[in-house]
Amino acid sequence: DLKLHVAIVESKMYYGGGSNGEKWFNNVLRDLVTGVAGQDIALPFNSPLNYTLMNGINPANADIIIFTQSLSSKEVFVVRKLKLVN
């Protein structure tokens, strides 16, 4: 019951003043590439995933987070965070 999850997060985002006075935010979730339910996987996994970066995301400030999760136990396995642009 493993699911693959791929998320795009962005840092250095300015959103004015929040109620706590914060203005700059990091690791803001910008897109769930595999959707909220994730993508079914079976091991060994070897499947390409095509994706076009959404408008408004600055690739220089973006990271991709990839992880697998058990649907039944919600346990997370193998998390990896990489810069989108080197």
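Our structure is the block above this text.
Presented here is an overview of the structure given in this document. Since this is a predicted model, take the numbers as computed values, not measurements.

What counts as what
Residues numbered from 1 in each chain as written. Predicted model: local features only at pLDDT ≥ 70, side-chain atom pairs only at ≥ 80, totals over all residues. Heavy atoms only, no water. Buried < 20%, exposed > 50% of the residue type's maximum accessible area, 1.4 Å probe, protein only. Helix = DSSP H or I, 4+ residues; strand = E, 2+ residues; numbered from the N terminus. Pairing = 2+ DSSP bridges. Lys, Arg positive; Asp, Glu negative; His and termini not counted. Salt bridge = Lys/Arg side-chain N within 4 Å of Asp/Glu carboxyl O. Contact = heavy atoms within 4.5 Å. Polar contact = N/O pair within 3.5 Å; in protein donor to acceptor, adjacent residues only side chain to side chain.

### Quick word on the pairing of strand β1 (residues 2-10)
For β1, the tally of buried residues reaches 8 of 9 residues, placing the bulk of the element in the interior. When β1 meets strand β6 (residues 62-70), the two strands line up antiparallel, connected through 9 bridges. By the bridge assignment, Val 9 is partnered in β6 with Asp 63. Summarising the sheet, β1 and strand β4 (residues 28-32) pair through 4 bridges and their orientation is antiparallel. Pairing of Glu 10 across the sheet is with Val 28, part of β4.

### Here we look at the side chain of Asp 31
Relative to the helices and strands, Asp 31 is located in strand β4. Here Asp 31 is buried and forms no salt bridge, its nearest opposite-charge partner Arg 30 lying at an N-O distance of 9.1 Å. In contact with Asp 31, not counting residues within four places along its chain, are Val 6, Ala 7, Ile 8, Tyr 51 and Met 54.

### A few points about the environment of His 5
Relative to the helices and strands, His 5 is located in strand β1. Judged by relative accessible area, His 5 falls into the buried class, the value being 11%. Placed 29 residues apart in sequence, His 5 and Thr 34 show a C-alpha to C-alpha distance of 5.7 Å. Excluding residues that lie within four positions of it along the chain, His 5 makes contacts with Thr 34, Gly 35, Val 36, Ala 37, Gly 38, Ile 65, Ile 66, Phe 67 and Gln 69.

### Let's talk about the pattern of salt bridges
Inspection of the entire model under this criterion finds 4 salt bridges. A salt bridge links Asp 63 to Lys 83, with the shortest nitrogen-to-oxygen separation between them at 3.5 Å. Within this pair, whereas Asp 63 is found in strand β6, its partner Lys 83 is found in strand β7 (residues 76-83), the two being separated by 20 residues in sequence. A residue is classified by how much of its surface remains accessible, and Asp 63, at 7% relative accessible area, is buried. Residues joined in a network through salt bridges with shared partners are Asp 63, Lys 81 and Lys 83.

### Things to note about the side chain of Ser 70
Inspection of the secondary structure assignment puts Ser 70 in strand β6. Ser 70 gets classed as buried once you look at its relative accessible area, which sits at 6%. Engagement of the side chain of Ser 70 in a polar contact is seen with the side chain of Asp 1, the distance being 3.2 Å. When sequence neighbours within four positions are dropped, the list of residues in contact with Ser 70 reads Asp 1, Leu 2, Glu 75 and Phe 77.

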